[in-house]
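Remarks on the overall topology
Take a look at the letters that make up each chain.
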Amino acid sequence: MGEATFPQPVNEVVSTLADIFRHQRRAEVVELLESAHAQFDQTEFDNWNGGTYTWALRLQVPVQIFASVESRLPSIEKEIAAKLSYFDRQYPNDPLGEVTVSPLVAGAAPYGQRMVASDREVRHLWFDGRFRLFLSHVSKHKVAVSNLKDALWIYGVDAFVAHEDIEPSLEWQREIELGLRSMHALAALITPDFHVSNWTDQELGWALGRGVLVVPLRLGADPYGLVGKIQGVRGTFEQPDALAASVASTLLANPQTHGEMRRALINAFRESSSSEIAKLLCRLLVGVTDVTDEEKAVLWEACAENTQVAKAVGVADAIYTAFGAPPRLKSSEVHDEIPF
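Here's a quick rundown of the structure. (Residues numbered from 1 in each chain as written. Predicted model: local features only at pLDDT ≥ 70, side-chain atom pairs only at ≥ 80, totals over all residues. Heavy atoms only, no water.)

1. Quick word on the nonpolar core
- In this structure, Leu-217, Phe-269 and Ile-319 are the most contacted members of the largest nonpolar core, which totals 53 residues.
- Sequence-distant contacts of Phe-269, defined by excluding residues within four places in its chain, comprise Ala-278, Leu-281, Cys-282, Leu-285, Leu-299, Ala-302, Cys-303, Asn-306, Val-309, Val-315 and Ile-319.
- If you look at the next biggest cluster of nonpolar residues, it comprises 31 residues, including Leu-33, Ala-38, Leu-96 and Val-99. (Core = buried A, V, L, I, M, F, W, Y, C linked by side-chain atoms within 4.5 Å. Buried < 20%, exposed > 50% of the residue type's maximum accessible area, 1.4 Å probe, protein only. Contact = heavy atoms within 4.5 Å.)

2. As for helix α12 (residues 293–305)
- An ideal rise of 1.5 Å per residue puts 18 Å on 13 residues; α12 measures up with 18 Å between its terminal C-alpha atoms.
- For α12, the set of buried residues is Glu-295, Val-298, Leu-299, Trp-300, Ala-302 and Cys-303.
- The elements touched by buried residues of α12 are α10 (258–270), α11 (275–285), α13 (307–310) and α14 (315–323). (Helix = DSSP H or I, 4+ residues; strand = E, 2+ residues; numbered from the N terminus. Expected span 1.5 Å × (residues − 1).)

3. Thoughts on the packing of aromatic side chains
- With the rule as written, the count across this model stands at nine aromatic pairs.
- On the basis of an interplanar angle of 85° and a centroid distance of 6.0 Å, the ring pair of Phe-6 and Trp-55 is categorised as edge-to-face. Of this pair, Phe-6 sits in the segment before α1 (10–23) while Trp-55 sits in strand β2 (residues 52–62); the two residues are 49 residues apart in sequence, bridging distant segments of the chain. Grouping residues by exposure puts Phe-6 and Trp-55 together as buried.
- With a centroid separation of 5.1 Å and an interplanar angle of 15°, the aromatic rings of Phe-134 and Phe-160 are classed as stacked. In this pair, Phe-134 sits in strand β5 (residues 131–136) while Phe-160 sits in strand β6 (residues 157–161), placing the two residues 26 residues apart along the sequence.
- We classify Phe-134 as buried; its relative accessible area is 0%. (Phe/Tyr/Trp six-rings, centres within 6.5 Å; stacked < 30°, edge-to-face > 60°.)

4. Brief notes about the state of the cysteines
- One pass over the structure, following the stated rule, counts zero disulfides.
- You can see Cys-282 has no disulfide; the closest cysteine sulfur is in Cys-303, sitting 7.5 Å from it.
- On the accessibility criterion, Cys-303 (6% relative accessible area) is buried. (Disulfide = S-S within 2.5 Å.)

5. Quick word on helix α6 (residues 142–153)
- Over its 12 residues, α6 extends 16 Å from the first C-alpha to the last, a length consistent with the 16 Å expected when each residue adds 1.5 Å.
- The set of residues buried in α6 consists of Val-145, Leu-148, Ala-151 and Leu-152. Looking straight down α6, one finds its buried side chains confined to an arc of 115°; they lie on one side. (Arc of directions from axis to C-beta.)

6. Observations regarding the environment of Ala-56
- On the secondary structure map, Ala-56 appears in strand β2.
- Taking the relative accessible area as the measure of exposure, Ala-56 reaches 0% and is therefore buried.
- In this structure, the C-alpha to C-alpha distance between Ala-56 and Pro-95, residues 39 residues apart in sequence, is 8.8 Å.

7. A word on the pattern of salt bridges
- The full count for this structure, using the stated rule, is 16 salt bridges.
- With a shortest N-O distance of 3.1 Å, Arg-58 and Asp-41 are connected by a salt bridge. One end of the pair, Arg-58, is in strand β2; the other, Asp-41, is in strand β1 (residues 37–46), with 17 residues separating them in the sequence.
- Residue class for Arg-58 comes out buried when judged on its relative accessible area of 17%.
- Residue class for Asp-41 comes out partly exposed when judged on its relative accessible area of 26%. (Salt bridge = Lys/Arg side-chain N within 4 Å of Asp/Glu carboxyl O.)

Everything listed is a geometric property; what it means functionally is a separate question.
Okay, structure coming up:
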């Protein structure tokens, strides 16, 4: 059997599978895939057509997840294998022949590459429906960073404040690692003392290694090293509201984070706790051009059922003008002007 590797990294293949099942609302399979240690095993080789390698996808998952799907495991393996046929079209000389799912026994060494953290592992860290933003900063600024975290919440951003202490406990280090594995993006709060920390550069490296977006916040100093080429966001700790608005706009504008930020912004609009917040979020939302039909329904529901949104002058009309009115409204009832 010849020496070979599958043409695409296993983490990319499994991540694509998870995205497919996520769009199909198969949360159980998504959790299995995202919790797995994954690897490809070469199972056959044939000299035909310049050499054909047959592969198996091996998935090791935590025992609790394996136990929850064990009775349906054969059908789930077949379902995942069927999705792998799409990759056969890309790589006809490297067909994926089978999928196996096995439990990762406590104390055993996993044999594959770890995917992102599953929803079950991180539900205590992040709020559902929010954008997951990891804030990398020096601990001496933690009060100012806490104010920024509060300001970001308005925009649907759940910020993980990395450093509670100068030297985190081992337990807190594990939480930091879990946050890094599950974040949607990282904001590096580049203060003049940022480089002094033993942790901030490691957090940046983790984000770059995962390929997630890094947003440098230029707080009296410029980004350096591998993020030095990124212009970043200018601001000050003294104006957390303005800084949060800039971060939210950046996340919405970047193609890498646009989808997650759009969904988070719509959820935040639905939960608006004041008419001023509804107006603030509406200004961002009306510039979004790829809102789905399902998300339009959420916006319409907010305009009808959230009293803070309903009493925010001009907000409902702005939403209807930008995304269409719900069927119950006549077009003559919608005003084009946005009075805020």
